[in-house]
Amino acid sequence: MWVALPALAVAAGALVVSIFLERARRRDRLAAARWAMISRVSAVLAEILHADTTLEDVARLLVPQFADWCTLHLVEEAAIRRAAVVHADPEIERRLRRRFAEVPFVVDASLGPARVIRTGEFDLLEEASGESLAGQGDPDLLRTAGFGSRISVPLRLRQQTFGALSLHRKAPHAYDRGDVEWAQDLAQRIALAIEAARLYADARRLFEQSASANWVINPDGRILACNRTLAQLLGFESIDDALSVPAVELFVDAADFRRLLDDLAVYRHLSNRETRLKRHDDDRVVHALVTAAGDFDQNGRLRRVIAFIIDHTAQKNLEAQLRQSQRLEAVGQLAGGIAHDFNNLLTVIIGCAEVMMASGARPAPEDERDPMEELLKAARSAAGLTKQLLAFSRRQVLQPRLVDVNDALRSVHAMLRRLVKENIVIVLNLDPRIAAVRFDPGQLDQVIVNLVVNAADALPRGGTITLSTARTVLGEDSRPDMAPGDYVTLAVRDDGIGMDDETLARAFEPFFTTKPLGKGTGLGLSTVYGIVKQSGAHIWIESKVGAGTSVTICFATEQQPKAAV
């Protein structure tokens, strides 16, 4: 008997050691499972920035392995919101959701997430009792869901508690103080992910609602993201349509895109880089100022380009108009001075010739041509040219009065018909609502005739010239060089050969013409320009090669201030 005692002691010791080792192995397995779960949760949290990943997806990773059910509460401005409710049993989960939607959160409860949010400390309930269920909205539902033990830990950032994570088990003593560490680590990761999602949402909102056109592209030219402003600026119907087109195709010069990437690789940031983009729908050029920053990997390779684009087109057009106006003003001053002096000389020449003819002191005609008649004819023709130059330089005397542009067009329509070839159709499209405008009637007729003759020259094979009037209301941003208000517009359109950009830029210059030598003076449009400007109206030309030309004159009404003369 005494011999057997040592053997029993050894066996008992071995059993104790075995139990201890098994418990240790279980703790290790449980710890490994918990940290593996935290790793999986971290992976899901990394995707929480995307709209299709929610806090419920995170909570489902915990149920049922680490909790029978789980809740996440978040502090918001108005109240505390149950952001996630997940149960192992879908039917009980539905009942919990419905009940929680009906019953407001009890902010001053002494235990659970309410206490955690108030104090910022964890709350551990190792074994629930009847007292624990006292004051709960539906204790029977909580017993059904499982209320044996619970652990609640705070969601904290920057020393502030903005929510709570609660894990519930049906069995008592399922959680103890040893579970607090991993639960707090899990809650901290969730808190960081929620904050990152909030920051991302704010940044995304700023990106999408910014007044600038924003996009993110990679070095191959693929557009990774853009906002609606950019899609509209570049002629896309939606953001998805814009994402389907390589960025390089939206640059007028593909080399500009490559230079942008090369410079970013060197300088890492570019500000107000001027470039030309083109709209996807109609290929119109958009002058843009680009501010861009590069995102680089650890090896210094460019991964992404974040660019902010400001539409510079209106300013560029205004600058071009200003340069053209200054150029025409300088040419006008020169032409006006020369024309004035030359006109004085022509007056003397014509007067002397007429005196010689009246006195009989004139050479004899040769070959049925009278030299004095030819002299007067040439001098009067030169005087006509000087009159056109004076009109361009705005040095002629005007006699403005209230006129109806529609009546003026009807009056000259028959004469216009005789000025153009038979294969050209002249169409009047008159708006009866237009108001009278203050203009010199004779000069208005000259403007109309010059524009129609000029349009006819652009129709060598025939076509249509349309003269339209309209009442036009300009807003604050319609045209930067014109005050908002009511105007009357006269548009002369042809479907002829059109003009390229270089020709269009010089169309109003005196003596500039695309006609063969001896076929035109180049003073038609410049005369129109001078008359219109001297009368306080506005004029512009739109043209495209092969698509015709439109000249628009915009008259201020009596109630609308005129432009400075």
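Starting afresh in each chain, residues are numbered from 1 along the sequence in its written order. pLDDT decides what is reported in this predicted model: residues at 70 or higher carry local features, side-chain atom pairs at 80 or more are listed and counted, and totals for whole chains, interfaces and linings draw on all residues regardless. To get the side-chain values, all heavy atoms of the structure are used, and hydrogens and water are removed first.

Quick look at the packing of aromatic side chains
The cut-off we apply is this: Two rings from Phe, Tyr or Trp (for Trp, the six-membered ring) form a pair when their centres are within 6.5 Å of each other. A pair whose planes differ by under 30 degrees is stacked, one over 60 is edge-to-face, and the rest are tilted. A run of H or I in DSSP becomes a helix once it reaches four residues, and a run of E becomes a strand once it reaches two; helices and strands are each numbered from the N terminus. In this scheme, a residue with accessible area under 20% of its type's maximum is buried, one over 50% is exposed, and one in between is partly exposed, where area comes from a 1.4 Å probe on protein chains only.
Overall, the coordinates contain four aromatic pairs when judged by the stated rule. Here Phe-66 and Trp-182 contribute two aromatic rings whose centre-to-centre distance is 5.9 Å and whose plane-to-plane angle is 55°, an arrangement assigned as tilted. Remark: Trp-182 occurs in helix α7 (residues 180–209) and Phe-66 occurs in the loop between α2 (55–60) and β1 (69–75); sequence separation between them is 116 residues. Assessed through its relative accessible area of 4%, Phe-66 is described here as buried.

Some words on the packing of helix α13 (residues 405–419) against helix α14 (residues 441–457)
The line we're drawing: As a rule, the C-alpha atoms of each element are fitted with a line to give its axis, helices using only the stretch in contact, and angles between N-to-C directions run from 0 to 180 degrees. To sort the angles, those under 35 degrees are grouped as roughly parallel, those over 145 as roughly antiparallel, those from 65 to 115 as roughly perpendicular, and the leftovers as oblique. Should the near helix be turned anticlockwise from the far one by less than a right angle, the crossing is left-handed, and should it be turned clockwise, the crossing is right-handed. Note on definitions: a residue-residue contact is assigned when non-hydrogen atoms from the two residues lie within 4.5 Å. Amino acid classes used here: Ala, Val, Leu, Ile, Met, Phe, Trp, Tyr, Cys and Pro are nonpolar; Asp, Glu, Lys and Arg are charged; the rest, including Gly, are polar.
It is the contact of α13 with α14, at a shortest axis distance of 10 Å, that shows an interaxial angle of 40°. One way to sum up the angle between α13 and α14 is to call them oblique. The hand of the α13/α14 crossing is right-handed. Residues Ala-408, Leu-409, Val-412, Met-415, Leu-416 and Leu-419 of α13 pack against Leu-444, Asp-445, Ile-448, Val-449, Val-452 and Val-453 of α14. Of the residues that constitute the contact of α13 with α14, the class distribution is 11 nonpolar, no polar and one charged.

Some thoughts on the environment of Ala-547
In this structure, Ala-547 sits in the loop between β16 (538–544) and β17 (548–556). It is 6.6 Å that separates the C-alpha atoms of Ala-547 and Gly-496, two residues lying 51 residues apart in sequence.

Overview of the environment of Val-449
On the secondary structure map, Val-449 appears in helix α14. For the pair formed by Val-449 and Leu-409, sequence separation is 40 residues and the distance between their alpha carbons is 9.8 Å.

As for helix α4 (residues 112–119)
All of the buried residues along α4 are Gly-112, Pro-113, Ala-114, Val-116 and Ile-117. Looking at the buried residues of α4, the elements they touch are β1, β2 (80–87), β3 (123–125), β4 (149–157) and β5 (160–169). Where α4 ends, the next residue or the one after it, Gly-120, has phi of about 80°, a positive value.

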